[in-house]
Amino acid sequence: MTAKSTDKLWLSGNEALALGAYEAGVKVASGYPGTPSTEIMENLSKYEGVYTEWAPNEKVGLEVALGASFVGVRALATMKHVGMNVAADPLFTSSYTGIRGGLVIINADDPEMHSSQNEQDNRNYAFAAKLPMLEPCDPEEAKEFLKTAFWISEGYDTPVIVRTTTRIAHVKGQVAPGEKTGSSVKAEIVKDAAKFVMLPANARNRRKFVTERMQRLKDFAESFPENRIEWGDGTRGFITSGISYMYVKEAFPDASVLKLGMVWPLPEKMIRSFAEQVDELFIVEELDPFLELHIKAMGIRCHGKDLIPAEGELNPGIIKKAITGEDSAKFAPVALPPRPPNMCPGCPHRGLFYALSKQKVFVAGDIGCYTLGFLPPLSSMDSCVCMGAGVSGVHGMAKALGEEGMGKEVAVIGDSTFVHSGITGLINIVYNNSYSTVIIVDNRITAMTGQQPNPASGTTIKGEPAQMLNFEELCRAIGVKNVVTVNPHEIDATKKVLKEEINREEPSVVISRAPCVLIPSEKKREKVPYRTAIENCTGCKACLGLGCPAIHWVPVTQEEGAKLGFKEKQKGYSEISVELCNGCGQCAELCKFDAIGKEEGR
Ligand SMILES: Cc1ncc(C[n+]2csc(CCOP(=O)(O)OP(=O)(O)O)c2C)c(N)n1
């Protein structure tokens, strides 16, 4: 793909960021999927002349980009907010080394936790790592800010963070394609130990550089055109950024607004001058009182989290009400029908969790589609903290409980998550003589974030063939002697293996392998749906224990039941929606009455 048209394009924020990266002449881009950041890399991979990849995790992704920057090319790393925690180690020290080719990190926060386990505010990382951070308010700005970020990066010898939030990442807006720019830095190997080797003597010097760089960036912030005042009525003044700026403009179209395009470091003089010229100052920001704290630290009186919620997303209605006390019908949210999450019909995870639910053990879980194993009727996940935590945690439980805990807890982790941060936990189990069992639910793909390939999938981001990580060999190489592979659609066999391995007195790994039904090759596979033979159904509801969306319960009156030949006590029967059924056969395995089969009429 190339972007040559001069017409405006209708792009999401993430598509616009990809276009911005392309126009900025990015040569190397590495990321790990995570909502709401995933589509940036997916879209960038369609442009010619940009090397893109899915890294095993965010730390690796940032280090890849940093390496590319060291040899003088423009490089990009993308991640969701919690990914920044994983990448924090290289992030903080890359602030000291600085860059050669421009280095930009796109960080996508998720206020309201639409698809996340927490809603941390990563503006705090810019402050803590002493890095500049830009925050666009729409797709057009997203593209332009990305290009500006590369310019700042090379001008100030610094990585630059571009922060988006879910609304910016996924909203669509008009974006004008622009000129392709590039770096004036030459791509070559340059040895510069004082800059790149961060041992204490060098790091102390670079620490001084970082302080001096922050001062220069502060000065720059005063004249940066994307920090701008839009004068209006002076009774109320708002300082805001990103999507909150859009909400403020909608709720208070006549007010004076200081819009910050760069949220760190702050233009102190501009803020002071603005504050002096308005009667009352309001800081409107989602999540933490980040701007508010720093503005208050300047000795400026303002309203912020005393009025505006610090949890979840904002919207114009919330802001208007918080400040004026008025409820406005104009901003009333549209009521949407709820869509509770569930595993897809035919999901292999369902079979595994059904089998696991019979083991009566504590399931130290992890993050992925399989986290839905927590929901009833499977109810088979008892903890979920962050990627990898289940594998390390189950070992902690084993060490805490000793022999008492044997056979009572197990870890479950997805294939992508295992590669991301489960392998080291498993090494720890083996190294420290544990007895824990780890189940790798291997559906061959990173399903939760939308089917991205990972090192165990056998393809790259561009769909080209790649070495396929062999979990069985890897686990044996780590030192796990008991490695068993099961097909989770075969529930009885899976149950047997789980019982044996969970009770083993030494480390074991169960690989529960069957492809995700949404993998394109699986989608193409012809599916023969299962059907119910109503006359054979006894109403035992065993099949409903799977929680499959393709199976539902049909209640019948006594009269209807009699017509169907049911016994008096039978209150209904299970029915399969053939249009939803993926033909996995898990329900047929559970049915002991020959009421579920593939032939017409049964
Ligand atoms: C540090 C971090 N990075 C990214 C994510 C987003 N994320 C959640 S689960 C997941 C991977 C899921 O893939 P897999 O383990 O294969 O399980 P599946 O969804 O296929 O069942 C990702 C990328 C996250 N929650 N935390």
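Small disclaimer: the values here were computed from a predicted structure and weren't measured.

Colleague: Looking at this model, I keep getting lost on the domain arrangement of the chain. Mind explaining?
Modeller: Many authors give the size of an interface as the accessible area that is lost as the parts come together. For the chain, the domain assignment lists domain 1 (9–223), domain 2 (228–327), domain 3 (348–523) and domain 4 (526–597). Just the C-alpha atoms count here: the centres of domain 1 and domain 4 sit 53 Å apart.

Colleague: Sorry, what's going on with the sheet that holds strand E9 (residues 228–230) here?
Modeller: Picture the strands of a sheet paired through backbone hydrogen bonds; they go either parallel or antiparallel. As summarised here, the arrangement of the four strands in space is E9-E11-E10-E13, forming an open sheet in which the pairing is mixed. Only two strands of the sheet have a single partner each, and these edge strands are E9 and strand E13 (280–284). Recorded for the sheet is a direction-independent mean angle of 20 degrees between the axes of neighbouring strands. Pairing analysis gives three bridges linking E9 to strand E11 (residues 255–260), with the strands arranged antiparallel. Looking at E11, one finds that Arg228 is bridged to Lys259.

Colleague: Please explain unusual backbone geometry as it appears in this structure.
Modeller: Glycine aside, a negative phi is what most residues show, and trans is what most peptide bonds show. Here the amide bond leading from Thr35 into Pro36 is cis, since omega sits at 10 degrees, within 30 degrees of zero. Within the secondary structure layout, Pro36 lies in the loop between strand E2 (28–31) and helix H2 (38–44). One non-glycine residue, Gln451, adopts positive backbone phi at about 70 degrees. Tracing the chain through its elements places Gln451 in the loop between strand E16 (437–442) and helix H18 (471–478).

Colleague: Before we go on, may I ask you to explain helix H19 (residues 491–502) in this structure?
Modeller: The periodicity of an α-helix, 3.6 residues per turn, causes residues three or four positions apart to be oriented the same way. When the terminal C-alpha atoms of H19 are compared, their 16 Å separation across 12 residues agrees well with the 16 Å that a helix rising 1.5 Å per residue should span. Listed in full, the buried residues belonging to H19 are Ile491, Thr494, Val497, Leu498, Glu501 and Ile502. The arc enclosing the buried residues of H19, seen along the axis, measures out at 125 degrees, which places them on a common side. Exposed residues pointing more than 90 degrees away from the buried face of H19 are listed as Lys496 and Lys499. If you follow the buried residues of H19, they end up packed against helix H15 (348–357), strand E15 (409–414), E16, strand E17 (482–486), strand E18 (508–513) and helix H22 (586–590).

Colleague: Got a minute to help me understand the pattern of salt bridges in this structure?
Modeller: Working definition: two side chains of opposite charge can pair if their charged atoms are close together. Under the defined criterion, the tally for this structure stands at 31 salt bridges. Across the pair Lys143 and Glu23 runs a salt bridge, and its minimum N-O distance is 2.8 Å. Here Lys143, found in helix H7 (residues 139–156), pairs with Glu23, found in helix H1 (residues 13–23); they are 120 residues apart in sequence, far enough to count as distant. Considered together, Lys143 and Glu23 belong to a single accessibility category, that of buried residues. For Glu292, the salt bridge identified is with Lys296, shortest N-O distance 2.7 Å.

What counts, and at which threshold
Residues numbered from 1 in each chain as written. Predicted model: local features only at pLDDT ≥ 70, side-chain atom pairs only at ≥ 80, totals over all residues. Heavy atoms only, no water. Domains from an automatic or database assignment. Pairing = 2+ DSSP bridges. Helix = DSSP H or I, 4+ residues; strand = E, 2+ residues; numbered from the N terminus. Axes fitted to C-alpha atoms, helices over the stretch in contact; angles between N-to-C directions. Expected span 1.5 Å × (residues − 1). Buried < 20%, exposed > 50% of the residue type's maximum accessible area, 1.4 Å probe, protein only. Arc of directions from axis to C-beta. Contact = heavy atoms within 4.5 Å. Salt bridge = Lys/Arg side-chain N within 4 Å of Asp/Glu carboxyl O.

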